[in-house]
Amino acid sequence: MPPYLAGRHQEYEEFGRLLKQTTILENMVLTGLRGVGKTVLLDTLKPRAMQQGWLWAGTDMSESAMVSEETMALRLLADLTVITSSLTVEYPAPQRVGFSVPQEPIQVRLSYDVLVSIFTSTPGLVVDKLKAVLEFAWQHLQAQERRRVIFAYDEAQNLSDNATKEQFPLSVLLDVFQSIQKKGIPFMLLLTGLPTLFPKLVEARTFAERMFRVVTIGRLSDDESKEAIAVPIKRDRCPVSFSTESVNIICQESAGYPYFIQFICREVFDVFIQQAGTGEPMGVPIDAIQRKLDADFFAGRWARVPDRQRELLWVISNVEHAEEEFTIQELVARAKELLIKGFSPSHANQMLVRLADQGLIYKNRLGKYSFAVPLLGSFIRRNYCPPTE
Ligand SMILES: Nc1ncnc2c1ncn2[C@@H]1O[C@H](COP(=O)(O)OP(=O)(O)O)[C@@H](O)[C@H]1O
Ligand SMILES: [Mg+2]
């Protein structure tokens, strides 16, 4: 969590609007590039939701444990348990036929084991079993003052259907929530992930298009970046301060991307603390910091890219507005200008698919492409020259 979370007012407003729902018509997808601040924003949504009377369940999906329908379902039950374990229910409720004296139902806590036993004893597919458990939990939550629940999952782009293994955890998740929401059960999904997330949801189930409100977060504005840098220093009575010039340099070099703001600020802070005692004039050694950032953040990703793909990426980094988005046509045209040996559209297309698999490029829903790693273009221009013969 940053010492001060700058900006994101619109996102809070949008989330606040979704929190007003009593019948869930819209769920939320929070998306953006790596390092843009999805995880920390998600963390700040929790107290906001709780303040509005919601309960909160969920974790992140970075582990690959979500590969089968059953592991996904059990994960969901584990998350649900956090909420239900304080409830006491009568279980098993049904009386056995043929007994003259009615059997006393036993009182149990709605623990993970109880949820799992309902899951396993429900006949049918995973989707039916999971629905049954969520509906059961809802029956008992209904009486509570707090009863609406948010299921929040970070890194949700990792959730995938796998046709060859006949496992469809993503589709099951969407089917279950669509079905229970239709019945009026106020359980809302909040998924965060890379820009590939929403297209993936729609590919799994076309109805996902209507089911989610997509909130995309990007770089901070200039003013917000300045706040992210200056507020913690001011507020925490910091022993060093940053001059206007230093703040401007950090804003410019980070381009408003939160990860880079924090990275550069930490380095600058360390340098300033050391300079402070020496009487030397304090300045931001931006070149040195840039090199460190290149080594820490970019170099590892770059090292895995084969030569011809590097050339392609370099061309992209020289396409105008490539930090926003670009088309195959633009890329092919620019390659013709810059390289001795260019790329045909179909070859470029194939390579982009490979680069997308490596998480360096992604294709948006309008068929245009973008770098999937912020500021990758400037890194490449700083560090790479294509072969000249
Ligand atoms: N709004 C913000 N203001 C200041 N710092 C931020 C902000 N959002 C994110 N950060 C910082 O940026 C870095 C990346 O944030 P993170 O949430 O991990 O990104 P993501 O989950 O999108 O990859 C963290 O160091 C975080 O503290
Ligand atoms: Mg994250």
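About the thresholds
- Residues numbered from 1 in each chain as written.
- Chains lettered and ligands numbered in written order.
- Predicted model: local features only at pLDDT ≥ 70, side-chain atom pairs only at ≥ 80, totals over all residues.
- Buried ≥ 20, exposed ≤ 12 C-beta atoms within 10 Å, placed from the backbone.
- Helix = DSSP H or I, 4+ residues; strand = E, 2+ residues; numbered from the N terminus.
- Arc of directions from axis to C-beta.
- Contact = placed C-beta atoms within 7 Å.
- Axes fitted to C-alpha atoms, helices over the stretch in contact; angles between N-to-C directions.
- Parallel < 35°, antiparallel > 145°, perpendicular 65-115°, else oblique.
- Left-handed = near helix turned anticlockwise from the far one by under 90°.
- Nonpolar A, V, L, I, M, F, W, Y, C, P; charged D, E, K, R; others polar.
- Near = placed C-beta within 6 Å.
- Pairing = 2+ DSSP bridges.
- Domains from an automatic or database assignment.
- Right-handed = clockwise from strand over helix to strand, strands pointing away.

Asker: An account of helix H4 (residues 112-121) is requested, with residue identities and associated values reported.
Answerer: The complete set of buried residues in H4 reads Val114, Leu115, Ile118 and Phe119. Taken down its axis, H4 places every buried residue within 140° of arc, on the same side. The exposed set on the far side of H4, more than 90 degrees from its buried face, consists of Asp113, Thr120 and Ser121. Where the residues of H4 are buried, they touch helix H3 (69-84), strand S4 (107-109) and helix H5 (126-141).

Asker: Explain the packing of helix H13 (residues 307-317) against helix H16 (residues 376-383) residue by residue, including any values.
Answerer: For the pair H13 and H16, interaxial distance at closest approach is 9 Å and the crossing angle is 110°. Taken together, the axes of H13 and H16 lie roughly perpendicular to each other. Helix-helix and strand crossings are classified by hand; for H13 and H16 the assignment is left-handed. For the pair formed by H13 and H16, the contact residues are Leu313, Trp314 and Ser317 on the first element and Gly377, Ile380 and Arg381 on the second. Taken together, the residues of the contact of H13 with H16 sort by class into three nonpolar, two polar and one charged.

Asker: Explain the site of ligand 1 to me, and be specific about the residues and the numbers.
Answerer: Inspection of the region around ligand 1 gives 18 residues, with Pro2, Gly37, Lys38, Thr39 and Pro258 positioned closest. At the level of elements, helix H2 (38-51) and helix H11 (258-276) are the ones that each hand at least two residues to the shell around ligand 1. Partitioning the shell around ligand 1 into residue classes produces nine nonpolar, six polar and three charged.

Asker: Lay out the environment of proline 105 with the relevant residues and their values.
Answerer: Note that proline 105 resides in the loop between strand S3 (88-90) and S4. For proline 105, a count of 13 C-beta atoms within 10 Å translates into the label partly exposed. As a C-alpha pair, proline 105 and glutamate 245 span 140 residues in sequence and 72 Å in three-dimensional space.

Asker: Outline the sheet that holds strand S6 (residues 187-193), listing residues and values.
Answerer: Reading across the sheet, the five strands line up as S2-S5-S6-S1-S7 and stay open at both edges, with parallel pairing between neighbours. Both outer strands of the open sheet, strand S2 (54-60) and strand S7 (212-216), are each paired with one neighbouring strand and no more. Ignoring strand direction, the axes of neighbouring strands in this sheet form an average angle of 15°. Pairing geometry for strand S1 (residues 27-31) and S6, over four bridges, is parallel. Each residue of the ladder has a partner; that of methionine 28, found in S6, is leucine 190.

Asker: Before we move on, can you summarise helix H10 (residues 244-254) with the specific residues and values?
Answerer: Taken together, the buried positions of H10 are occupied by Ile250, Cys251 and Ser254. Taken around the axis of H10, the buried residues stretch over an arc of 100°, which confines them to a single face. H10 presents Thr244, Glu245 and Gln252 as exposed residues on the side facing more than 90 degrees away from its buried surface. Trailing H10 by a residue or two, alanine 255 shows a phi angle of about 55°, which is positive.

Asker: Account for the pairing of S6, naming residues and giving values.
Answerer: Of all the seven residues making up S6, seven are buried; the element is thus mostly covered by neighbouring parts of the structure. Side chains of S6 alternate between two faces, with Phe187, Leu189, Leu191 and Gly193 and Met188, Leu190 and Thr192 buried alike. The pairing of strand S5 (residues 148-154) with S6 spans five bridges and is parallel. In the sheet register, isoleucine 150 faces S6, and the bridge partner there is methionine 188.

Asker: Summarise the domain arrangement of the protein; cite the residues concerned and give the values.
Answerer: Here the protein is partitioned into domain 1 (9-94 + 106-216), domain 2 (222-284) and domain 3 (306-383). In this structure, domain 1 and domain 2 have C-alpha centres spaced 39 Å apart.

Asker: Would you mind going over the pairing of S5 in detail, with residue names and values included?
Answerer: Buried residues dominate S5, accounting for six of its seven residues. By the bridge criterion, seven bridges tie S2 to S5 in an arrangement that is parallel. Its bridge partner lying in S5, alanine 57 is registered against phenylalanine 151. Handedness of the crossover joining S5 and S6 through helix H6 (residues 169-182) is recorded here as right-handed.

Asker: I'd like a rundown of unusual backbone geometry, residues and numbers included.
Answerer: A positive phi is found at alanine 255, a non-glycine position, where the angle reads about 55°. With respect to the element layout, alanine 255 can be found in the loop between H10 and H11. Positive phi, close to 60°, is recorded for histidine 321, a residue that is not glycine. Looking at the secondary structure, you find histidine 321 in the loop between H13 and helix H14 (328-338).

Asker: Which residues make up the environment of leucine 110, and what values do they have?
Answerer: Mapped onto the fold, leucine 110 is located in the loop between S4 and H4. Exposure remark for leucine 110: the 22 C-beta atoms within 10 Å place this residue in the buried category. In the structure, leucine 110 is positioned 97 residues away from phenylalanine 207 in sequence and 32 Å away in space, judged by C-alpha atoms. Apart from the residues lying within four places of it in its own chain, the contact partners of leucine 110 are Thr84, Ser85, Leu87, Val89, Leu115, Ala137 and His140.

Asker: If you had to explain the environment of arginine 308 to someone new, which residues and values would you point to?
Answerer: Tracing the backbone through its elements, the reader meets arginine 308 in helix H13. Under the C-beta neighbour-count criterion, arginine 308 is labelled exposed, with 12 such atoms within 10 Å. In the structure, arginine 308 is positioned 48 residues away from alanine 356 in sequence and 15 Å away in space, judged by C-alpha atoms.

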